[in-house]
Amino acid sequence: MKIRVDVSPKYSEKEIVIKSPEEDDELKQIVDKIKHIESEFSQINGYINETVYSLDLKEILFFETNERNVYAHTKNNAFLIHYRLYELDNNLPDSFLRVSKSAIINVDEIISLSRSVTGNLVQFKNTYKTIYVSRRFLKELKNRLNQRKF
């Protein structure tokens, strides 16, 4: 089996193409594993007090740390998450981007990025919630916003 990886900024998203002379058990196993990996992180459990909520990643605006805990922020709530930020950073889909030492944002939910005296501020769609972007991550965020499809 040959594996070929083609990385280029001209691609807007990741795509997996499998070429095979026939449909056999090995091919089915590969496709099943890829589907499992893709679906594994499409939802995440969030907690408010003793109640567990199943959250779609599309609904999450950003993740942030606060007093050694990680919270997933949606438009109306903040849910405690039982993952560390670095684990999320490694496993979240491409629509999420690390923007500071303590935050990962959903690039698809950004409505504006503005400069202020205190720093670079991200405003999200249909909510009052905002988050600051550190200078270290600003260039990558701008690149991702420019590549975003409308």
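Procedures and definitions
- Residues numbered from 1 in each chain as written.
- Predicted model: local features only at pLDDT ≥ 70, side-chain atom pairs only at ≥ 80, totals over all residues.
- Heavy atoms only, no water.
- Helix = DSSP H or I, 4+ residues; strand = E, 2+ residues; numbered from the N terminus.
- Contact = heavy atoms within 4.5 Å.
- Areas by Shrake-Rupley, 256 points an atom, 1.4 Å probe, with all protein chains shown as cover.
- Lys, Arg positive; Asp, Glu negative; His and termini not counted.
- Charge placed at Lys NZ, Arg CZ, Asp CG, Glu CD.
- Pairing = 2+ DSSP bridges.
- Axes fitted to C-alpha atoms, helices over the stretch in contact; angles between N-to-C directions.
- Buried < 20%, exposed > 50% of the residue type's maximum accessible area, 1.4 Å probe, protein only.
- Arc of directions from axis to C-beta.

Some points on the overall build of the protein chain
So, point 1. Across its full length, the protein chain carries three helices and ten strands.
So, point 2. Overall, the protein chain shows an N-to-C arrangement of helices and strands of α-β-β-β-β-β-α-β-β-β-β-β-α.
So, point 3. Over its C-alpha atoms, taken along the principal directions, the protein chain stretches across nearly 60 × 40 × 25 Å.
So, point 4. For the protein chain, the share of sequence-separated contacts (at least 6 apart) that also reach a separation of at least 24 residues comes to 43%.
So, point 5. Accessible surface, the protein chain: about 11500 Å² in total, of which carbon and sulfur atoms supply 47%.
So, point 6. Between the centroid of the 24 positive side chains of the protein chain and the centroid of its 22 negative side chains there is a distance of 10 Å.

Some remarks on the sheet that holds strand β10 (residues 130–133)
So, point 1. The strand order across the open sheet built from three strands is β8-β9-β10, with neighbouring strands paired in antiparallel fashion. The outermost strands of the open sheet, each flanked by one partner alone, are β8 (110–116) and β10. Looking at each pair of strands side by side, their axes are set apart by 30° on average, direction ignored.
So, point 2. Here four bridges tie strand β9 (residues 119–124) to β10, and the two strands are oriented antiparallel to one another.

With respect to the pairing of strand β4 (residues 69–73)
So, point 1. Of the pairings in the sheet, the one linking strand β3 (residues 62–66) to β4 comprises five bridges and is antiparallel in character. Bridge pairing links Glu64 to Tyr71 in β4.
So, point 2. From the end of β3 to the start of β4, which pair antiparallel, there are two residues, and Glu67 there has a positive phi angle of about 55°.
So, point 3. As paired strands, β4 and strand β5 (residues 78–81) are joined by four bridges and run antiparallel to one another. Bridge pairing in β5 links Tyr71 to Leu80.

Description of helix α3 (residues 135–147)
So, point 1. All of the buried residues in α3 are Phe137, Leu138, Leu141, Arg144 and Leu145. On an axial view of α3, the arc spanned by its buried residues comes to 135°, and they lie on one face. Among the exposed residues of α3, those pointing more than 90 degrees away from its buried face are Lys139 and Asn146.
So, point 2. Structurally, α3 contributes buried residues whose contacts are with β6 (96–100), β7 (103–106), β8, β9 and β10.

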